[in-house]
Amino acid sequence: MKRIAVVGTSLAGLRAAQALREAGYDGALTMVGAEPHQPYDRPPLSKEFLQGKAEQDGIALAITDDVAALNADWRLGVPATKLDTAAGTVVLADDTDIPTDGVVIATGGHARHLPGPSVAGVHVLRTLDDAIALRQDLQAGPENVVIIGAGFIGSEVAASCRALGLRVTVVEALADPLAPLLGPELAQVCARLHPENGVSVLYGTKVTGLSTVDGRVSGVRLADGRLLPAEVVVVGIGMRPATDWLTGSGLHLDNGVLTDAGCVTPLANVVAAGDVARYWSAEHDAYVRQEHWTNANDQPAVAVANLLAGRTITHYRASGYFWSKQYDAWIQYAGRTAPTDEIRIIDGSPEERKFVATYHRGDRMTGAFAINSPKIFTRTRKQLRANATDRSS
């Protein structure tokens, strides 16, 4: 291959470019990004950046010299609109055609919005520009902030708003939102973090709409008829993969770009990685798409190795690791668990918010979870990886 385009310039796109150069690829490399910014780290957006403890230069994923070393042609602020597999080109929004022999799809996703027109004071949080706009509204000192969605992003934003001294309410449609992942026992430990830190929570409560005054949000309407006052609303109800530009490309699209176990699409010269990739997992016997930082960091190396080989020579195996920082709690999780797995507390106490738990299915450890116990969690995670290696060998 002499010309490769990486479409998407967040973590997965950057790691793909770095993997290409590290593998010895010395051909033309074009980096296509919908955002105007050089690659930056997303996790701080809901935490340090939102609280004013970090600025844009402090969340960069690569320093200037590292970016220059990639010797790439950066096309930032101009999203891709089409992948013409017959012509071998990536078409950009400004009608530029990028000729290419190989493509890495790393376009991530878009935050889901509430139905209806946009309203001032209502925010999502996915991009740096989203975070800048939300931070400006929070710095104005709103009396009431409502977070819609109690997933990890919504919970982190709630914690940041409390750190800024704001009055916060979290509204979640599910009665126990984290139970499918963590199991009821540990999900409740996480859920209690909000009220223990002065945040009001309404679980099992649906939002039906917004009230406005002069075009700006003034409240959140609930299905039970209540109206929550709100000068700022943050919608954290998930994301959808950024695949619209691939319509008509011939690739298989279904809640992401479908690939084999090596992140390779039916076209050997097109691979996908990160939040947009839905790869085949033999372990799950299903297509899997993961939205974790670790996945976006690790997956591109596998995709690139197979792209350069022209066929699938290696498979991706996810660690299932992620973390979240909320209030004074550092939450860590690894593995592939089920709600029916047995949970064992192996160190510390959930009541003291400092413990490590392991998940078990029969005689097999399937996962680990910890709050404020990084050292013991790291040792447990190594054991989990070793067990997984033993089973696969």
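One can find the structure itself at the top, above this paragraph.
Because the structure is a prediction, the values reported are computed rather than measured.

Draft legend 1. Layout of the packing of aromatic side chains. Evaluated as defined, the whole model comprises nine aromatic pairs. Aromatic side chains Tyr 321 and Phe 377 sit 5.9 Å apart centroid to centroid with 35° between the ring planes, which places their arrangement in the tilted category. Of this pair, Tyr 321 sits in the loop between α8 (293-309) and β22 (322-326) while Phe 377 sits in helix α9 (residues 374-392), and the two are 56 residues apart along the sequence. Overall, Phe 377 belongs to the buried group, its relative accessible area being 1%. In textbook terms, an aromatic cluster arises when at least three aromatic residues are bridged by ring pairs, as seen for Phe 152, Phe 322, Tyr 333 and Tyr 359. Positioned above the aromatic ring of Phe 49, the side-chain terminus of Arg 135 is 4.1 Å from the ring centre. One residue, Arg 381, lies across the ring of Tyr 321, its end atom 3.9 Å from the ring centre.

Draft legend 2. Seen up close, the layout of surface pockets. Computed from the structure, the second largest pocket encloses a volume of approximately 320 Å³. Lining the second largest pocket we find 15 residues, and of these Leu 114, Pro 117, Ser 118, Val 119 and Val 122 sit closest to its centre. When contributions to the lining of the second largest pocket are tallied by element, the ones reaching two or more residues are β9 (122-123) and β13 (207-213). Classifying every residue of the lining of the second largest pocket gives nine nonpolar, six polar and no charged.

Draft legend 3. Local environment of empty space enclosed by the protein. Tallying each qualifying case throughout the model produces two cavities of 30 Å³ or more. Its boundaries defined by the atoms lining it, the largest cavity holds a volume of some 50 Å³. Around the largest cavity sit Ala 150, Ser 155, Asp 176, Pro 177, Leu 178, Ala 187, Cys 190, Ala 191, His 194, Tyr 203 and Gln 326, which together line it. Looking at side-chain class alone, the lining of the largest cavity contains seven nonpolar, three polar and one charged residues. If you trace the second largest cavity, you find it lined by Gln 290, His 292, Thr 294, Asn 295, Tyr 316, Ala 318, Ser 319, Gly 320 and Tyr 321. Looking at the lining of the second largest cavity residue by residue, the class counts come to three nonpolar, six polar and no charged.

Draft legend 4. Main features of the pattern of salt bridges. Counting across every chain of the model gives 16 salt bridges. The partner of Lys 47 in a salt bridge is Glu 156, with the nearest N and O atoms 3.1 Å apart. One end of the pair, Lys 47, is in the loop between β2 (28-33) and α2 (64-69); the other, Glu 156, is in helix α4 (residues 152-163), and 109 residues separate them in sequence. No difference in accessibility class separates Lys 47 from Glu 156, as the two residues are buried. A salt bridge links Asp 254 to Arg 278, with the nearest nitrogen and oxygen atoms 3.4 Å apart.

Draft legend 5. Up close: the sheet that holds β13. In spatial order, the strands read β13-β14-β15; together these three strands make up an open sheet with antiparallel pairing. Since the sheet does not close on itself, it has two edges, and those belong to β13 and β15 (227-229), each with one partner. The mean inter-strand angle of the sheet, taken between neighbouring strand axes irrespective of direction, is 30°. Of the strand pairs in this sheet, β13 and strand β14 (residues 216-222) are connected by six bridges, and their pairing is antiparallel. Bridged to Leu 210 within β14 is Val 220.

Draft legend 6. Spotlight on the environment of Ala 286. Among the structural elements, Ala 286 can be located in strand β21 (residues 286-288). The exposure class of Ala 286 is partly exposed, given its relative accessible area of 28%. Here Ala 286 is in contact with Tyr 279, Trp 280 and Ser 281, once residues within four sequence places are set aside.

Draft legend 7. Molecular detail of the sheet that holds strand β20 (residues 277-281). Across the sheet, three strands lie side by side as β18-β20-β21; this open sheet has mixed pairing. Strands at the two margins of the open sheet, each flanked by one partner only, are β18 (257-259) and β21. Along the sheet, successive strands turn relative to each other by an average axial angle of 30°, direction set aside. Looking at chain direction, β20 and β21 are connected through three bridges and run antiparallel. Residue pairing for β21: Tyr 279 is matched across the bridge by Val 288.

So, how was this worked out
Residues numbered from 1 in each chain as written. Predicted model: local features only at pLDDT ≥ 70, side-chain atom pairs only at ≥ 80, totals over all residues. Heavy atoms only, no water. Phe/Tyr/Trp six-rings, centres within 6.5 Å; stacked < 30°, edge-to-face > 60°. Helix = DSSP H or I, 4+ residues; strand = E, 2+ residues; numbered from the N terminus. Buried < 20%, exposed > 50% of the residue type's maximum accessible area, 1.4 Å probe, protein only. Lys NZ or Arg CZ within 6 Å of the ring centre and 35° of its normal. 1 Å grid on protein atoms, 1.4 Å probe; cavity = no way out; pocket = protein on both sides within 12 Å on 5 of 7 lines; lining within 4 Å. Points joined across faces, edges and corners; volume = space filled by probe spheres on them. Nonpolar A, V, L, I, M, F, W, Y, C, P; charged D, E, K, R; others polar. Salt bridge = Lys/Arg side-chain N within 4 Å of Asp/Glu carboxyl O. Pairing = 2+ DSSP bridges. Axes fitted to C-alpha atoms, helices over the stretch in contact; angles between N-to-C directions. Contact = heavy atoms within 4.5 Å.

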